[in-house]
Amino acid sequence: MTSRIYYTDPSCVTFEAIVTRTLVHETRPAAVLDRTAFYPTSGGQPFDTGRLGLVDVVDVVDTGDEVIHVLSAALAEGDRVVGEIDRARRQDHMQQHTGQHLLSAAFDTRFANATVSFHMGSEVSTIDLAGPATSDDIAAAVRDANQIVWENRPVSIRFVSDAEAAGLPLRKEPTRGGQLRLIEVDGFDVSACGGTHVSRTGAIGMIGVLASEKQRSGTRITFVCGGRALKALETYRDAITGCVRTLSVLPPELPSAVERLQLEAKDQRKALSRLQEQLAGFEAERLVNGAIMAGDVRLVASAMDGWDVPGLKALGTAVARHGGVLAIITSAAAPVAIVIARGGGVNVDAGRLLKALTEKFGGRGGGKPELAQGGGLNAAPEDILRAAKELVAGG
Ligand SMILES: [Zn+2]
């Protein structure tokens, strides 16, 4: 049975201990200590990292009775070691976890919307709420939770029997019996929890919700606390500053500015495609005049600059309208888009020709004997066109 220092003293980040057992954990060396401040992955909170003497602790696993420290190199049984926890990681985890208790309690208190699960990721954390939550609900819960942060209320740890716990206003029914460890945020929340927590709510700094999504009957809330909230603010600031500068608008005007741009781009695509269709007729004329013979096939093989994929298709089709001509039209740059279209009286199978080309140059595509279309071919357009000519000439 490992004595867990973090249960009673989560601020302890250096400690002395004796190696009581060594083992191999999933191919890696590992050790059990008589006492440890290392938090093992459990209750949604990831493990602590750090060192035991000169050896790195790379994972910490809870077996119920023991805490297994997975190590970068083996220790010997009986070794006396000094343990050192990575403080920044621990502090980060404490901010996220106590922040989670406040956020969950806020949803619970204001909307009776219980938290059914908690996951702390390396960038963001999530809670899953049992019921729906509108954006107004979320904003209100976040305000409540942050108010408790700013009041800098004490967070205390105590141990009670399950009988004692039954008489306390626990936010959540405890999932296990026996002695319970309770985390109490003064006047706001009491929860059974084995995690590491800050000693006063002010240390959380700030709780921010980044996203929410509906999930069956519930809601998943993505949030960050403390240092992660600052980092998120900086990330958003940089992104927004870039957009604001490019678009010459104020931050609140960004969504409508982007929407306007999208509409304009859509209109321009439509206009471009109309123009290309008109141009395709003239351009096809010019191309057909320059057709060459490949075997007994009259061939138009050309790489076209400045045409989008629908434009290339319009052009290929316009060429093929001239009977007796096979059109192989590509974009001018790699990865190459390609359209193969055959006019009346031509015997080449466009789909099969395209398949041969994608087998040689990669990319995807397909079609019928009359018309085939592909993209992502990885070679210079002139190489693709040369190979196509050879395939056509070779029959
Ligand atoms: Zn907890």
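You'll find the structure just up there.
Definitions and cut-offs
Residues numbered from 1 in each chain as written. Predicted model: local features only at pLDDT ≥ 70, side-chain atom pairs only at ≥ 80, totals over all residues. Heavy atoms only, no water. Helix = DSSP H or I, 4+ residues; strand = E, 2+ residues; numbered from the N terminus. Rg over C-alpha atoms; globule rule 2.2 N^0.38 Å. Buried < 20%, exposed > 50% of the residue type's maximum accessible area, 1.4 Å probe, protein only. Contact = heavy atoms within 4.5 Å. Areas by Shrake-Rupley, 256 points an atom, 1.4 Å probe, with all protein chains shown as cover. Lys, Arg positive; Asp, Glu negative; His and termini not counted. Charge placed at Lys NZ, Arg CZ, Asp CG, Glu CD. Donors = N, O, S within 2.8 Å, 3.2 Å for Na, K, Ca; no water. Axes fitted to C-alpha atoms, helices over the stretch in contact; angles between N-to-C directions. Parallel < 35°, antiparallel > 145°, perpendicular 65-115°, else oblique. Left-handed = near helix turned anticlockwise from the far one by under 90°. Nonpolar A, V, L, I, M, F, W, Y, C, P; charged D, E, K, R; others polar.

**A closer look at the overall build of the chain**
Argument step 1. Within the chain, the regular secondary structure consists of nine helices and 21 strands.
Argument step 2. What you see for the chain is a C-alpha radius of gyration of 33 Å, clearly larger than the 21 Å of a compact globule of 395 residues, by over 25%.
Argument step 3. Overall size of the chain, expressed as C-alpha extent along the three principal axes, is 95 × 55 × 40 Å.
Argument step 4. Out of the 395 residues belonging to the chain, those deemed buried represent 43%.
Argument step 5. For the chain, restricting intrachain contacts to residue pairs at least 6 apart in sequence, the fraction spanning at least 24 positions comes to 60%.
Argument step 6. Put simply, the chain shows about 20,400 Å² of open surface, and 52% of that area lies on carbon and sulfur atoms.
Argument step 7. Both charge centroids of the chain, one from 42 positive and one from 47 negative side chains, sit 5 Å from each other.

**Overview of the coordination of the zinc ion**
Argument step 1. Taken together, the protein ligands of the zinc ion are His-97 (NE2), His-101 (NE2) and Cys-193 (SG), with distances of 2.1 to 2.3 Å.
Argument step 2. All donor residues of the zinc ion come from one chain, and their arrangement in sequence is H-x3-H-x91-C. In this pair, His-101 is assigned in helix α2 (residues 87-111) and Cys-193 in the loop between β13 (189-192) and β14 (207-215), connecting sequence segments 92 residues apart.
Argument step 3. Overall, His-101 belongs to the buried group, its relative accessible area being 3%.
Argument step 4. In this structure Cys-193 comes out as buried when scored by relative accessible area, which is 13%.

**Observations regarding the packing of helix α5 (residues 227-247) against helix α6 (residues 254-289)**
Argument step 1. Contact pair α5 / α6: the axes reach a minimum separation of 11 Å and the direction vectors enclose 55°. Taken together, the axis directions place α5 and α6 in an arrangement best described as oblique. In this structure, α5 meets α6 at a crossing whose hand is left-handed. Here Ile-240, Cys-243, Val-244 and Leu-247 of α5 come into contact with α6, specifically with Leu-254, Ala-257, Val-258 and Leu-261.

**Re the packing of helix α8 (residues 350-361) against helix α9 (residues 381-393)**
Argument step 1. Between α8 and α9, whose axes approach to 10 Å, the crossing angle comes to 135°. It follows that α8 is oblique to α9 by the angle criterion. In the crossing of α8 with α9, the sense of the turn from one axis to the other is right-handed. Between α8 and α9, the contacting residues are Leu-353, Ala-356, Leu-357, Lys-360 and Phe-361 on the first element and Asp-383, Ile-384, Ala-387, Ala-388, Leu-391 and Val-392 on the second.
Argument step 2. Looking at the contact of α8 with α9 residue by residue, the class counts come to nine nonpolar, no polar and two charged.

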